[in-house]
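Survey of secondary and tertiary structure
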Amino acid sequence: MTAMNMAGFPILTTILMTTIVGLLVIIFIPPEKTKLIKQVSLASASTGLALCLWLYHAYDFHKGGLQFVERVLWVKSLGIYWFNGIDGINLPMMLLTSVVLFTAVWTMWELENRVKEFYALVFLLVAGVYGVFMSMDLFWIFVWYDVSLFPMYPLIAIWGGTRKEYGAMKLTLYLLAGSAFILPAILFLWAKAGGHTFDLFMLQKIGFSLFDQKVAFLMLYLGFGILAAVWPFHTWSPVGHVAAPTAVSMIHAGVLMKLGAYGVLRIGMMLCPQGAVYWSHLMALLGTIGIIYGALVGLAQTDLKYVIGYSSVSHMGLVGLGLATMSVNGINGAVFQMFAHGIMTALFFSSVGFIYDRTHTKIIPELGGLSKTMPIASAFFIFAALAGIGVPLMASFWAELLVLTAAVKVFPVAGILACVGMILSALFMLRVVQRTFYGDKNPKWEHIPDISRFLAVPRVVLMSCILFFGLFPKVMLDVIQSTVIPFVTRF
Amino acid sequence: MNSLTTYLIISALLFSLGLLGILQRRNLIGMLISVELLLNAANLNFMAYNRFVSPDPVTGQVITLFVMGLAAAEAAIGLSIILALYRKMHSINIEAAQKMKG
Amino acid sequence: MGALFRDPVLFATVLGTNLPFLSMAVILLFTRSKPFVSSRISVCSIAVSAVCAVSLLVRLFSAPALQYQTLWFSSDKLNITFGYYLDPLSLLMLTIVGIIACLVQIYSLGYMAGDPGYSRYYAFQSLFAWAMMNMVIAGSMLQLFIFWEMVGLASYFLIGFYYEKWSASQAGKKAFVMNRVGDVGFFLGLILLLIAFGNLGIPELNHAAVTHGLPQGLLTVSSLLIFCGVIGKSAQFPLLTWLPDAMEGPTPVSALLHSATMVAAGVYMFSRIFPFFSASPDTMAVALAIGTVTMLLSSTMAMVTYDLKQVWAYSTVSQLGYMVMALASGGYVAGVFHLTTHAGFKALLFLTSGIFIHEFHTNDMRIIGKKGGRKLKIPMVCMAIGALALSGVFPFSGFFSKEAILTVLASQPSKIWYAAGLFGAVLTAYYSFRLIFHILLPKGGIEEAHHEEHGASSHEHEEGHHGYIFWTMAVPVMILAGVSLVLGFTEHTLEHFLMRSIQVPGELVAPAAHAVSVAAHVAAGGAHHAHEAGSPLLTILGVSAGLLGIAIAWFEYGRKGASRNGFLSYFPAIWKLFDCRWFLDIFYRKGLDTLVYAGLTSLFTKNDRRVIDGGIDGICVFTEGSGRLFSFLQSGMLQFNLLLMVLGAGAAVLYFVI
């Protein structure tokens, strides 16, 4: 925060530019040259990944706080700044975004329908996501947020699968309804602060009255909560995931849903700490309901993608519960869970995408016995399922441990119920694994070859991410914690 | 007889006839002619006020000239639209063109 | 890193426990398509592990407990450490696990030969060995829990190894989920301790419990919750039904999982924080009751089944019940000693059964008997040794450990536990010899038809018996039989060894990053019970209980002209009750179906479809409908629109004029 002007190389803007440059280049490539388009996309995504990795490496967590700050006044009369910065909360999110984008682009290598438009829209979407994560200015956060929402409609409606128009429409309406809560809340805070700055940190210093905080936080929570699939605003998520093409599901469930939780944390809890404390019981309640409800409804689903969609609801409930505790462990766990779930669910959709591409079905009873014909492709899914169950030594285990420890301490009943949710999640993940992959060899799929080495790469990347952060949670927790500890003192 | 009222009455009659025509005629050409009547009613008003109320600066006459130019342009565009419509529907009856229905 | 190579103990520990993981990784990544290489890699690594374990045991036999610890990460005040705690108990268990796992893997070379999933099998075996060994030497309860879960995971894969079979994958799932039920309790107990006590180090926990550093209420609640983990993992009542189902896995897996390792993990955990548990009399009372109920229930189940592996599975459950009873009544040494001897003879029993099953391709003891099971001399003798040990006959190992347990039980104020223990001993001897006599002296003798066929292809069989496959299976079995013969006589050595870590009075030294000798003392005098030499009367009673059981079995199945039906067949209702596992499974199935699937799940799904989605769609339909309502204004008639415009303008004029 001390560096008030452009200091050094604007690395964050560069990361944002990788996607926008990628987008522009793709626009100027003739649509027939699909191979070139894919190569350009991959190059752009890997540049972003490399830069994010470097960023992660270069971030000094001993010092903590906001680093790599870029801050220029943009519109003086309204107080809008081009203000980007990195701290322990958005750094994991940036890394997550770059990993998921990289793997998503690679996963869709076999796409043949309107390749150019697809990749262009994906990059537009991810530009918005990067923007939200790195921006520290309320105005820009909102602008990028809407930039990231808009491409979802065409991406699902054109390249989607089951009931794509319905899914696309539902998703768009829900998310825009969320925006309708967020924009007034942002403007309300801006106006209450005198109407001359959108800078998050300056707003934070101003401090709002308790009543204002309560109102603004509730609106922000509802608005962003819709995106984070908080119960009962979750039904868009399974429907949207089912309809979306693989890469979009990956980005969407992996990253976009995190925008919601991130927004609650970054804007809601940062600007309205007292309001957040006031509503924390509601957050804990909805989070816990989400955990158990998602797992139970997931038990009854017959579509693979629906199952994953509901597991996301369940896992995002855990994030909500972690945030609701307003304690270091809870928020550490919530942010870690956001990261872990993002990677895990990307792996889920990535492996289901492969299965769907080959078998043209994702109805569980029609599949079955898949691990006989495609053992490696099945192994990816089973691995993701184990991560979803929260098996130790995978990233999500530590996140669950931290969240539940905090939850049992702050909200004992909710914490215990959430622990019971662990049994349900084991039951429903194993049920899916058993019905899809175990059992006798299915003659229908006998001719299908296993996943090729080239296509296995993105899945392996995701798997190793889960394992790495499962074995060395310190690498991530130190970073997260450096920001969360000062953050929590405000509650 | 040579007073402002006479001209105003005539212009009002002209305007009413034009309005009636535009609301009642089903023929697009007829409607276009009615529009001309409306415009000319306005022109007559401008001229009359110019003549009887403020003769010195000829603002009224200038506006009338503008309106006439506008009417010519409007007739040209209107006729070309009618032509295009005729090519598509083989009719210039307005009742045939009802696609923008809610 | 330097410390790793300077300190041979640490080096052996790290190497021994992590080598199997390495071998799993190598097998899965590189040698999946080369079964021969995979199996050799796995066997070699587990052999090295076993050697490391034994050498650690020898080297640290009279050394004080060692602790290695490093901070893994910390979040807020929560410090998660990773470390090893080497005391007599963990060293003993490490050795048992290493040796049994090694023998089972050697045995599997023959048993699993030709299986399409050979490499996968060895990968999972290695995973299992890794998880188990790390669990045993864990320095903190959280680390123990982590590897405890990994053990569960590995067992899920091993039990469901024949995943083409629906029942096998079902059994794997059942094992995992039922374990999860217990684990959630365990986990909650740990969280509770973490919140209230802030430290999960095993020595610290034991010390705090002993020195009354923990409030009694917290202690009781958390120990009861942690005991849920024991119930799940060691298949105690009411979560005992997953274990018999787990016999769907390959027989060596049953031998590994259900003798020395996975199910013993629960009992191991109990003894690991024994001082902690024993500081709460309520928990001990609950544990004693649960152990007794488990022991009796599963013995009755074993009396009616004809499936070879099922008998041993039920018997495992009942022996685990014995161990829990012993520990719960304060017999630390007795419980651990029985764990040790049981590991030996139960692995022996499973492995010999595996030879029969491999030979005759059936699990039914009657068919095996008819087809001439007794002709396989080595396995038959070994199985008899195992059964004698299980029934507690002198001089086999089971005799000593069962005596120790009964002595502890006899010292309880209420004699009902002792009576239950004695009754259980009768039942144990009865069902094991029922099985032995079924194979040894089949009803109507050995079938002639089979005999002739056997004679015709005798040459081939001879080769089979003395071939490579037979011997890879027979050698481990003979080693285990030898162990079962001599292990009992080590009772006193073992007792001294074990008591050292738990009895030495003195202050607990705060753990540091490096080796720290830790000595805890037990306030509860329970641990002393095993010291008291059993009175001759108790010994006579114990032995006669076993002999009585064998005698009944002889009367019904062994003697000439015996009915070979068992007295229970005269009571069909009871037979059915025992055969259906006291309807526990049916109860769970019903509960799960009605409560979860038909109840909550379908309710919530309907809520999702009807209420939430329906509500949202309803709003959309409403919006659309109201739009349609006003759309009549947009009639498409140009002149209608013009008319409206004129009327509107007229209305505006009127409004402004008037």
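Data block above holds the structure.
**What to know about the overall build of chain A**
Looking only at helices and strands, one finds 20 helices and two strands in chain A. Its C-alpha atoms give chain A a radius of gyration of 21 Å, near enough to 23 Å, the size a compact globule of 491 residues would have. For chain A, the spread of C-alpha atoms along the three principal axes comes to 70 × 55 × 40 Å. Pairs at least 24 apart in sequence give 81% of the contacts found in chain A among residues at least 6 apart.

**Observations concerning the overall build of chain C**
Counting its secondary structure elements, chain C contains 28 helices and two strands. Counting every position in chain C, which comprises 658 residues, the buried fraction comes to 54%.

**Remarks on the nonpolar core**
Core analysis: the largest hydrophobic core is formed by 419 residues, its most contacted members being A:Ile251, A:Ile343, C:Ile100, C:Val151 and C:Val324. Not counting residues within four places of it along the chain, the set of residues in contact with C:Val151 comprises C:Phe128, C:Ala131, C:Met132, C:Met135, C:Met262 and C:Ala265.

**Quick look at the arrangement of the chains**
No other pair of the two pairs of chains in contact has as many contacts as chains A and C. Across the gap from chain A to chain B, with no contact made, the nearest C-alpha atoms are 21 Å apart.

**A closer look at the environment of A:Ile289**
Residues and elements named next belong to chain A. Note on placement: Ile-289 falls in helix α12 (residues 273–299). A tally of 21 C-beta atoms within 10 Å means that Ile-289 is categorised as buried. C-alpha separation for the pair Ile-289 and Pro-232, spaced 57 residues apart in sequence, amounts to 8.9 Å.

**Brief notes about the pairing of strand β2 (residues 78–86) of chain C**
Every other side chain in a regular strand lies on the same face of the sheet, so the side chains alternate between the two faces. All names here are of chain C. Where strand β1 (residues 66–75) meets β2, nine bridges bridge the pair, whose relative direction is antiparallel. Bridged to Tyr-68 within β2 is Tyr-84. In textbook terms, the turn of a hairpin is the stretch between consecutive antiparallel strands, and for β1 and β2 this stretch comprises two residues, one of which, Asp-76, has a positive phi near 55°.

Basis of the calculations
- Residues numbered from 1 in each chain as written.
- Chains lettered and ligands numbered in written order.
- Predicted model: local features only at pLDDT ≥ 70, side-chain atom pairs only at ≥ 80, totals over all residues.
- Helix = DSSP H or I, 4+ residues; strand = E, 2+ residues; numbered from the N terminus.
- Rg over C-alpha atoms; globule rule 2.2 N^0.38 Å.
- Contact = placed C-beta atoms within 7 Å.
- Buried ≥ 20, exposed ≤ 12 C-beta atoms within 10 Å, placed from the backbone.
- Core = buried A, V, L, I, M, F, W, Y, C linked by C-beta atoms within 7 Å.
- Pairing = 2+ DSSP bridges.

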